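Each chain is listed here by its residues.
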Amino acid sequence: MLKRLPIGQQDFAGLIEWNGIYADKTKIIYDLLNLSQYVFLSRPRRFGKSLLISTLENLFEGKKEFFKGLWIENNFDWKPRPVVRIDFNSGESKRLLGLEKAIESIVYGEAKRNHLELSAASARGKLEELLKSLYEKTGERVVLLIDEYDKPIVDSINDIQKAEEYREILREFYGAVKGCSKMLRFVLITGISRFSKMSIFSELNNLADISMDKNFAAICGFTKDDLNEYFSEYKDLACKELEISRDELDEKIRFWYDGYKFDGRTHIYNPFSMLNFFAKQEFKNYWFESGLPKLLTDFILEHGINVKELEDTAISELDLNNFDVTKIDLKSLMFQTGYLTIVGKNENGKYLLDYPNEEVRQSFAAYLLTNFTDQKYGNHDDKMLDSLRAGDIDGFITAVNSLLASIPYQVIPKENENYYSSLIYVMLRVLSVNITSELSSYKGRADAVIKTKNFIYIFEYKMAPITAAEGINQIKTQGYADEFAADLRKKIAVSIVIDREKRLISEYLREEL
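Residues numbered from 1 in each chain as written. Predicted model: local features only at pLDDT ≥ 70, side-chain atom pairs only at ≥ 80, totals over all residues. Heavy atoms only, no water.

### Here's the deal with the pattern of salt bridges
- The full count for this structure, using the stated rule, is 27 salt bridges.
- Arg113 is paired through a salt bridge with Glu110; the nearest N and O atoms lie 2.9 Å apart. You can see Arg113 and its partner Glu110 sitting in helix 5 (residues 99-113), three residues apart, about one turn around the helix.
- For Arg113, a relative accessible area of 36% translates into the label partly exposed.
- The shortest N-O distance in the salt bridge between Arg361 and Glu358 comes to 2.7 Å. Here the residue Arg361 and the residue Glu358 both occupy positions in helix 17 (residues 358-373), the gap between them amounting to three residues, near one helical turn. Accessibility assignment for this pair places Arg361 and Glu358 in one class, buried.
- What emerges from the salt-bridge pattern is a single network uniting Glu61, Lys63, Glu110 and Arg113. (Salt bridge = Lys/Arg side-chain N within 4 Å of Asp/Glu carboxyl O. Helix = DSSP H or I, 4+ residues; strand = E, 2+ residues; numbered from the N terminus. Buried < 20%, exposed > 50% of the residue type's maximum accessible area, 1.4 Å probe, protein only.)

What follows is the structure in structure tokens.
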């Protein structure tokens, strides 16, 4: 009998009782417990952080029955210890009560679960009292697990005043941890962002950050070995359903859902996407969500950022590792939230970032396009693709100009020179449904490559007053079509020029290569 696919399952005990698949991470967890008293881990949402927290909770509570057959079963003392879990995943209480009262409610709930009464007035005071009371009641040092520590701040990233207010509340609350160090056995803090230690954890100067540590790169998510070991039967079912070989399936899975490299080299597959893929046996977007992308899109529009510059971009280790709510670096935020990943280093030692896989690349482009135009994109999409399939560049340009003309004036940000440049770029990205995983030639990267049954289009776009002839020349001199030399389809270079004032493509050229 097949084990079940635990989609969205964040409770370790429930997963085991339900006969769900659990990729054994307990050896890595064991190593983690021997690393430091205070540990911090940053990972994107829906990447298994809450399941990790729950696993540790059951481990420290001595529930050995749930770990049968796992590595740690015979490598742990199984002595029950008191556990306090602070979970910021639910935003409803914050919305209704305000952050300070919401935190107090969470701590009160943990006290009630442990049959304790609290009398302290503040959230920090309540946490200190809870930890001290548990330590005195049990005679054992307490395990403190904090899940999504930064969610209130990240959810308010485009409201700096509120984000700063939340940061101060959280800094005061987390300050309770240091004063209780003698009562604590182990502390794990998880979140999606790596705010500088001085801004949030100023008092925890011995906090071990494992977010980019190669020894813990696979603590959340699936490796290729995990997929082969735990999902082999589901792979067989997918091959049968999709009528492809194992090798073909593995390559498509890699293209769609692999690519996360938190340490710069260990390949991690998105766990939420993989579980959904095996359940539905269809290659599509599963992970992408509406809340955080809207915050990112609003930030891009408000600050006039050119979306093209987010791909294949470089960032220093200092900027990558820290995040200041008052000085947001979009590339750093997109890395920490899972929309960009490390693909290498350049000659200056800076990290190179790019979209991790097709799921993120296509979904983010489609979401950006919808928000840039304030309308559904399907009708324009069909007309553009139909024209390209027929080799009709004139029809394609007409459809693009129809889209540009239909955008409400109020949607277009004032003083945003990069708006149209970003708009055309994401439009080409969305159309590139058959885009290759590597678009770079030895001299650079094309803006987009779109493949149809009979044609391969290499696109370059420019902003007026640059001419279309310059774009065609760039495609040819930079060798953007070289990687398709062996392909028998017609290769067509297309250069388009956007006039920002007229809100349309004012000039274009096509040339068969």
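Don't stop here, the text continues.
### Remarks on the packing of aromatic side chains
- The final tally for this structure, using the stated rule, is 30 aromatic pairs.
- Plain terms: the ring middles of Phe40 and Tyr149 are 5.5 Å apart, the flat faces sit at 80° to each other, and that makes the pair edge-to-face. Of this pair, Phe40 sits in strand 1 (residues 38-42) while Tyr149 sits in the loop between strand 3 (142-147) and helix 7 (151-154), and the two are 109 residues apart along the sequence. Considered together, Phe40 and Tyr149 belong to a single accessibility category, that of buried residues.
- A ring pair is formed by Phe396 and Phe459, whose centres lie 5.3 Å apart and whose planes are at 50°; its orientation type is tilted. In this pair, Phe396 sits in helix 19 (residues 393-406) while Phe459 sits in strand 12 (residues 455-463), placing the two residues 63 residues apart along the sequence. The pair formed by Phe396 and Phe459 is uniform in burial state, with each residue classed as buried.
- A connected cluster of aromatic rings, assembled from ring pairs, spans Phe222, Phe231, Tyr234, Trp256, Tyr257, Phe277, Phe278, Phe283 and Tyr286.
- The ring of Trp71 carries Lys27 above its face, with NZ or CZ at 5.4 Å from the centroid. (Phe/Tyr/Trp six-rings, centres within 6.5 Å; stacked < 30°, edge-to-face > 60°. Lys NZ or Arg CZ within 6 Å of the ring centre and 35° of its normal.)

### Some remarks on the pairing of strand 8 (residues 351-354)
- Where strand 6 (residues 313-315) meets strand 8, three bridges bridge the pair, whose relative direction is antiparallel. Among the inter-strand pairings, Ala314 is bridged to a residue of strand 8, identified as Leu352.
- Across four bridges, the pairing between strand 7 (residues 341-345) and strand 8 is antiparallel. Across the sheet, the residue bridging to Ile342 is Leu353, located in strand 8.
- Here strand 7 folds back onto strand 8 in antiparallel fashion, the turn holding five residues, of which Gly349 has a positive phi close to 85°. (Pairing = 2+ DSSP bridges.)

### Topic: empty space enclosed by the protein
- Going through the model one piece at a time under the given rule, you end up with three cavities of 30 Å³ or more.
- Of the volumes computed, that of the second largest cavity is approximately 60 Å³.
- Considering the residues around the second largest cavity, the lining is formed by Ser42, Arg43, Pro44, Arg194, Ser211, Phe262, Phe335 and Gln336.
- Looking at the lining of the second largest cavity residue by residue, the class counts come to three nonpolar, three polar and two charged. (1 Å grid on protein atoms, 1.4 Å probe; cavity = no way out; pocket = protein on both sides within 12 Å on 5 of 7 lines; lining within 4 Å. Points joined across faces, edges and corners; volume = space filled by probe spheres on them. Nonpolar A, V, L, I, M, F, W, Y, C, P; charged D, E, K, R; others polar.)

### Quick word on the layout of surface pockets
- One number sums up the size of the largest pocket: a volume of about 660 Å³.
- Surrounding the largest pocket, 31 residues form its lining, Gln10, Arg46, Phe47, Gly48 and Lys49 being those nearest its centre.
- Mapped onto the lining of the largest pocket, the elements with two or more residues apiece are helix 3 (49-60) and helix 13 (271-280).
- Here the lining of the largest pocket takes five residues from helix 3, the largest share from any one element.
- Looking at side-chain class alone, the lining of the largest pocket contains 16 nonpolar, eight polar and seven charged residues.

### A few points about the nonpolar core
- Counting 144 residues, the largest nonpolar core has Leu56, Phe88 and Phe396 as its most contacted members.
- A total of ten residues in this core trace back to one element, the largest contributor, which is helix 20 (residues 419-431).
- For Phe396, the residues in contact, after removing those within four places along its chain, are Met384, Ser387, Leu388, Met427, Leu428, Leu431 and Phe459.
- The next biggest cluster of nonpolar side chains, apart from the first, holds 20 residues, and it includes Ile21, Phe277, Phe278 and Tyr286. (Core = buried A, V, L, I, M, F, W, Y, C linked by side-chain atoms within 4.5 Å. Contact = heavy atoms within 4.5 Å.)

### Here we look at the packing of helix 11 (residues 232-242) against helix 12 (residues 246-257)
- Orientation of helix 11 relative to helix 12, taken along the N-to-C sense of each, is 100°, at an axis distance of 10 Å. With respect to helix 12, the axis of helix 11 lies roughly perpendicular. Seen from helix 11, the contacting residues are Ser232, Lys235, Asp236, Ala238, Cys239 and Leu242; seen from helix 12, they are Arg246, Leu249 and Asp250.
- The residue makeup of the contact of helix 11 with helix 12, split by class, is four nonpolar, one polar and four charged. (Axes fitted to C-alpha atoms, helices over the stretch in contact; angles between N-to-C directions. Parallel < 35°, antiparallel > 145°, perpendicular 65-115°, else oblique.)

### Examining unusual backbone geometry
- A cis amide bond links Ala464 to the next residue, Pro465, at an omega of 15°.
- Relative to the assigned elements, Pro465 resides in the loop between strand 12 and helix 21 (468-477).
- Despite not being glycine, Trp78 shows a phi value in the positive range, around 60°.
- Along the chain, the position of Trp78 falls in the loop between helix 3 and strand 2 (83-87).
- Accessibility expressed as a relative area gives 11% for Trp78, which makes it buried.
- A positive phi angle, near 60°, is found at His115, a position not held by glycine.
- Along the chain, His115 turns up in the loop between helix 5 and helix 6 (123-138).

### Quick notes on helix 6
- Across its 16 residues, helix 6 extends 23 Å between first and last C-alpha, which sits within 8% of the 22 Å expected from 1.5 Å per residue.
- Within helix 6, burial applies to Ala123, Arg124, Gly125, Lys126, Leu127, Glu129, Leu130, Leu131, Ser133 and Leu134.
- Buried residues belonging to helix 6 abut strand 2, helix 5, strand 3, helix 8 (160-174), helix 9 (176-179) and strand 4 (184-191).
- The first or second residue beyond helix 6 is Gly139, which carries a positive phi of 75°. (Expected span 1.5 Å × (residues − 1).)

By themselves, these figures tell us nothing about what the structure is for.
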